[in-house]
Amino acid sequence: MAAAGGWRAGRARRRRRRGEEEEDDNDEEGGPTTEAVLRRLREAREDLLSSGFWAASAGAVRAPLSGPAEPPARCVCYGLGRFGRCPAARYQLAFLLLLLDELRVPPGRCALFDPAFSAREAAALRALGLCLLTENEEGKRGVEGAATLFYMVHCGKALYNNLLWSNWSPAALSKLVIIGNSFRGIEERLLSRILERDYSYIAKVLKGVEEVALPSHPRYLDTFNDTSVHWFPLDKLQELSPEVWDFVEEPMYQDCEDLEIIRKGE
């Protein structure tokens, strides 16, 4: 990744307090230049490494590979946000890039989508060798037989539910790894009747998922709070009742009062 995007090459010209931006990094339209975005990403990477947060997180990242599961061959990232302006989103992107290195997933096999990306942010992602999805999939992407990591930090519950629906079989789910909001946390915070009505695929898979939380770190409490690595061992999925797999109706969320998803065309 070093050559294409300057992800590793060079060092930041001066250390700033986290969240502080330099006005001279902005272009005539008031937004950060692509070069400034890439430099800030390098700074975020250095912060993650020097703080020890990445080293502490590596065990959770490797947890799905401790069993018979095959390593991810590709990655999909939804809902990253405005990383050119928002420090939390920038640290999440820096973490994703470290993650790709750790799992040896080439940048060209990582696709991202967020309708909020600016043109300069899109240019920065392309400079890093990453791919941009042009269509809002609403999380409805199948693994198509390839082990896939979905990086979905702080996404809405409907997005996770749609992803599960799109891969609703033991064979497909066993090739899925999700880094995102804790499923256990979702279960604890929602009334069971709401979870089963609005997010039925999350509800049904709870007994078939393994989950390891990312470590808590005082510098990144807002950035990675409630974030876990989830995977779905085939043996656990096969222990679920056969009736679990019979209902495959597409989620519609007609009665959902707090839908946290941007629909196609919005």
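Residues numbered from 1 in each chain as written. Predicted model: local features only at pLDDT ≥ 70, side-chain atom pairs only at ≥ 80, totals over all residues. Heavy atoms only, no water.

Lay out helix 4 (residues 87–103) with the relevant residues and their values.
Its 17 residues give helix 4 an end-to-end C-alpha distance of 24 Å, which sits within 8% of 24 Å, the value for a rise of 1.5 Å per residue. Burial analysis of helix 4 places 13 of its 17 residues in the buried class, which makes it a mostly covered element. Positioned one or two residues after helix 4, arginine 104 has a phi angle of 60°, which is positive. (Helix = DSSP H or I, 4+ residues; strand = E, 2+ residues; numbered from the N terminus. Expected span 1.5 Å × (residues − 1). Buried < 20%, exposed > 50% of the residue type's maximum accessible area, 1.4 Å probe, protein only.)

Describe the confidence of the model for the chain, and please don't skip the residues or the numbers.
Model confidence for the chain is summarised by a mean pLDDT of 88, while 86% of its residues fall at 70 or above. The low-confidence segment residues 1–5, where pLDDT is below 50, has 12 contacts with residues more than four positions distant or belonging to other chains. Throughout residues 9–24 the model reports pLDDT below 50, and contacts reaching past four residues in sequence, or to other chains, amount to 35 contacts. (pLDDT = per-residue confidence, 0-100. Contact = heavy atoms within 4.5 Å.)

Help me get a handle on helix 3 (residues 53–62), residues and values and all.
The complete set of buried residues in helix 3 reads Phe53, Trp54, Ser57, Ala58, Ala60 and Val61. On its buried face, helix 3 is in contact with helix 2 (34–51), helix 4, strand 6 (210–213), helix 11 (221–224) and strand 7 (227–231).

Give me the lowdown on the pairing of strand 1 (residues 74–78), citing residues and values where you can.
Judged by how many residues are buried, strand 1 sits mostly within the fold: five of five residues are covered. Side chains Arg74, Val76 and Tyr78 project from strand 1 onto one buried face, and the interleaved Cys75 and Cys77 project onto a second face that is buried too. Of the pairings in the sheet, the one linking strand 1 to strand 4 (residues 148–152) comprises four bridges and is parallel in character. Bridge pairing links cysteine 75 to leucine 149 in strand 4. Bridge analysis of strand 1 against strand 2 (residues 110–113) gives four bridges, and the strand direction is parallel. When the bridges of strand 2 are listed, cysteine 75 appears paired with cysteine 110. Taking the sense of rotation as the criterion, the β-α-β connection linking strand 1, helix 4 and strand 2 turns out right-handed. (Pairing = 2+ DSSP bridges. Right-handed = clockwise from strand over helix to strand, strands pointing away.)

Describe the nonpolar core, naming the residues involved and giving the relevant values.
Formed by 43 residues in total, the largest nonpolar core has its most connected members in Leu48, Phe83, Phe95, Leu96, Leu99, Leu112 and Tyr151. Take this core: its biggest share by element is 11 residues, from helix 4. For leucine 99, the contacting residues outside a window of four places in its chain are Trp54, Val61, Leu149, Tyr151 and Ile179. Counting residues in each nonpolar core, the second largest holds 38 residues, with Ala111, Cys155, Ile194 and Leu206 among its members. (Core = buried A, V, L, I, M, F, W, Y, C linked by side-chain atoms within 4.5 Å.)

Run through the sheet that holds strand 7, naming residues and quoting values.
Pairing is mixed across the open sheet formed by seven strands, whose spatial order is 3-2-1-4-5-7-6. For this open sheet the edge positions go to strand 3 (131–132) and strand 6, each flanked by a neighbour on one side alone. With five bridges connecting them, strand 4 and strand 5 (residues 176–181) associate as parallel partners. Bridged to leucine 149 within strand 5 is valine 177.

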